[in-house]
Amino acid sequence: MKTSWKVLCFFIIIYVFLRPAEASVFFKTKTSTLYQVFEPLFSTFGYRQLTIQVFDEFTEKPLPNALVMLGDQIQNGWYTNSEGIVSLDNITLPQGPLTLTIAHPNYSRFTLLQIEAQYIEVGLTPLVDTRGKSWISGSLEQWPEMEDDDGIVHAGLVLPFLEMTSLLNFSAAHILAPNVKAKIYKDIDLPANITLPSQQESMWGLVPVYISKPLYEFPFVKSETKNLIALAGTLPFSKMASGFLNKAPLTDLLNLYNLEQFNFVLNYPVPDQNTTLNIPLSYGLKPRFLVRTPTPPENKDIIYVSAGYFKNDPSLLFPLDFKVTARSAFNAATKLKSIYSQNQLPPLQEFILAMAADLPKQTDDTSPRDPAILGTVQRLHPTDTTIQISGFLKPIDLSYQKDSFYYRFRSLPTTTNPDAQLAVSFINIESQKNAKQKKPSQPFWTIISPSTVQSFSLPKLPNTFSQWPRLEADQNLTWTLNVCGFNQKDVSLDLKNINSEQMANTLTHFSRNEMVLSQRIYGCCH
C-alpha cells in the first residue's frame, strides 16, 4: 500500500510543473513614461538612469550591503545603502540591454539578462529560513457515510493557494507538508496534509487492511494570511491494491482518485501557536469538461488539471480536479470536474492545464526519464464543455560546461509549436530523489532572460561571495529551466512588466526542464 499512496501524492507535485526551488521569482521592473518618450534623446547624449531596490523576500525589509553588478566584471559593481538602494544616474552606463546581477553572502543570487528597465525591485531569498512556523491541523467534516469493507477508500487533502508567479520557480514544499506516520496496513510515511478517515477494507476478502490518518497537518509561517482548499474523494480499494501488486502504470493509479467534495478557507490568519482548524466539505464537484489532445507530443503521457482563481484576485491559483491519459491512447480524451455553479462563492476564472510528461510505466520503474514537462493553458468560458488541446512547446535539451549553461529546442516535424518568450533558470540545492525524508529545495541562483537567450555564463563575483554552500551527503545541485509563452494579443510579457495578474491572464504555454549538475561546478565557477 505504501507505493500506492505515494502515487496519490504524485499529482500534488506534478500539477504545478513538478518539483524544484523553494522561493518564488520575486522582482518588479518599470520604465517611466517620461524616459520612454525621451529615450532617443537620452541615448544620444549617453544618459541613462537606473535604480535598483533590494530587499529580503521573507521580511520585505530593505537589504543593505547587497552587491549590484553590471555585466560579468567585478569592478562594475556597487553595494546597496542602508535603504537597500543603488541609484545610478550618470552618462557612464552602457546603452541597450544590460546584464544585472544582485548578490549577498547570506542570500540567493539573482541575474537578469537583457534588462532595459529604469527601476528594478528584487527580493533575495535567505539561504537559511529562520521564520517561526505554526502547525495548523484538523479534520475534514461532512464526509459521506462510510462503511467498512465496502471496497471504497475515502481520502482528502488540504492545499494552500499558490502565488501565480511562483509557477516560474516552484517548490513542492509549498503544497506538500513534511511526512508523518499513517496507518495503511502498517505504519508508512505520508505527507501530513493528506487525511484518511479511519476505515477498514479486506484484501481478497481475507486480509484486513486498516487505514487511518484522520487529521491533516501543515506548518505555515506565523502571522501570514493563507487561503486553503480542501479536496476529498474516493478510490476503489480492490483496483488500487491490484494496481500496486501488479505494478500498474502510474497513469492508471492516478486516475483512480475520484474527487467529489471541496471547500475553501479564505484569508485565514496564521496564529502564533499551533491550532486546530476543522474544514467542512460544503460543496460538490460536478462533471463538466471533456478534454481532448488529438496530437500529443510523441511518447508522452498527458496530465490534465482543472484549476481556477477568483476574478477579484488573479494572483492566487488552486486545483479542482486531475486526470491522466497514457501515451498509448491516440486522440486521448478525459473528463474533468468543476465547481460549475456555486452562487455562494466569488466569481471564478477556470482553466485547464495540460502537461505532457514521460511518466514511469510501472510503480517501481527507476529508469532514466526525459526530464521535461511541456504544458498548455486553456482558459475557459461559462459555455465551454469540450476543450481541444494543441500546440505544446518543443522539448528542450540542456547541457553544461564549465560555468556555461546551454539549451536548445529539439527539432520536431510538426509546425504547431508556439513561440516562447521568457526563460527562467534556477540552480537548486535539493535532496536526492531516493532520500527517504525529502528536504525542501533551496534556490541558490536564479537567472531570468528572454527565451532568445539560449546560453549564459554565471558571472564571477568577489571572493566574499564565492563560497558555495556545502552540500550534505544526500544533496545535489540541479539546474532547472522553465520556458514560458504568453498571449501577445493582450500583452507581450517581458522583463519590464512581469506580475501575477499578467501571469494569470496571458500565460499560454510552459516547459519545465531539469538537469542534475555534477559537483564539478564547485571547481569551475569561482
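Residues numbered from 1 in each chain as written. Predicted model: local features only at pLDDT ≥ 70, side-chain atom pairs only at ≥ 80, totals over all residues. Heavy atoms only, no water.

(A) Structural detail: the overall build of the protein chain. Per the secondary structure count, the protein chain includes six helices and 36 strands. Burial statistics for the protein chain: of 526 residues in total, 55% are counted as buried. Pairs at least 24 residues apart make up 74% of the contacts formed inside the protein chain by residues separated by at least 6 positions. Entry remark: accessible area of the protein chain is about 23,000 Å², with carbon and sulfur atoms responsible for 50%. (Helix = DSSP H or I, 4+ residues; strand = E, 2+ residues; numbered from the N terminus. Buried < 20%, exposed > 50% of the residue type's maximum accessible area, 1.4 Å probe, protein only. Contact = heavy atoms within 4.5 Å. Areas by Shrake-Rupley, 256 points an atom, 1.4 Å probe, with all protein chains shown as cover.)

(B) View of the nonpolar core. Within the largest apolar cluster, 82 residues are counted, with the highest numbers of intra-cluster contacts made by Leu100, Ile102 and Phe264. Considering every element that reaches this core, the biggest residue donor is strand S25 (residues 316-325), with six residues. Aside from chain neighbours lying at most four places away, what touches leucine 100 is Ile52, Val68, Met69, Leu70, Phe110, Thr111, Leu112, Ile115 and Ile120. Counting residues in hydrophobic clusters, the runner-up holds 30 residues, among them Phe405, Ala423, Ile427 and Leu458. (Core = buried A, V, L, I, M, F, W, Y, C linked by side-chain atoms within 4.5 Å.)

(C) Inspection of the side chain of threonine 80 at higher detail. Mapped onto the secondary structure, threonine 80 falls in the loop between strand S4 (77-79) and strand S5 (85-90). The exposure class assigned to threonine 80 is buried, which follows from its relative accessible area of 3%. Among the polar contacts listed, one links the side chain of threonine 80 to the backbone nitrogen of asparagine 65, at a separation of 3.0 Å. Looking at threonine 80, its side chain comes within polar contact range of the main-chain nitrogen of alanine 66, at 2.9 Å. (Polar contact = N/O pair within 3.5 Å; in protein donor to acceptor, adjacent residues only side chain to side chain.)

(D) Looking closely at the side chain of threonine 101. With respect to the element layout, threonine 101 can be found in strand S6 (residues 98-103). Of the polar contacts made by the side chain of threonine 101, one reaches the side chain of threonine 111; its length is 3.0 Å. Among residues more than four places away in sequence, those in contact with threonine 101 are Leu67, Val68, Met69, Phe110, Thr111, Trp445, Pro459 and Leu461.

(E) Inspection of the pattern of salt bridges at higher detail. Tallied over the full model, the rule gives nine salt bridges. Note that glutamate 224 and arginine 131 form a salt bridge whose closest N and O atoms lie 3.8 Å from each other. Placement of the pair is glutamate 224 in the loop between strand S17 (216-221) and strand S18 (225-236) and arginine 131 in the loop between strand S8 (119-124) and strand S9 (133-138), with a sequence separation of 93 residues. A relative accessible area of 28% means that glutamate 224 is categorised as partly exposed. Relative accessible area serves as the criterion here: at 25%, arginine 131 is assigned to the partly exposed category. In this structure, arginine 369 engages aspartate 358 in a salt bridge whose closest nitrogen and oxygen atoms are separated by 2.9 Å. Note that arginine 369 is positioned in the loop between strand S27 (348-357) and strand S28 (372-379) and aspartate 358 in the loop between S27 and S28, a separation of 11 residues in sequence. Since its relative accessible area comes to 14%, aspartate 358 is described here as buried. (Salt bridge = Lys/Arg side-chain N within 4 Å of Asp/Glu carboxyl O.)

(F) A look at the pairing of strand S26 (residues 332-338). By the criterion of burial, S26 is predominantly enclosed, with five of the seven residues buried. Sheet topology note: the strand S23 (residues 286-293)/S26 ladder contains seven bridges and is antiparallel. Bridge assignment links proline 287 to a residue of S26, and that residue is lysine 337. (Pairing = 2+ DSSP bridges.)

(G) Quick peek at the sheet that holds strand S22 (residues 283-284). Strand order in this open sheet of eight strands is S14-S13-S16-S15-S11-S18-S19-S22, and the pairing throughout is antiparallel. Among the strands making up the open sheet, the edge pair consists of strand S14 (186-191) and S22. Bridge analysis of strand S13 (residues 179-184) against strand S16 (residues 207-213) gives two bridges, and the strand direction is antiparallel. The residue bridging lysine 183 from the neighbouring strand is serine 212, located in S16.

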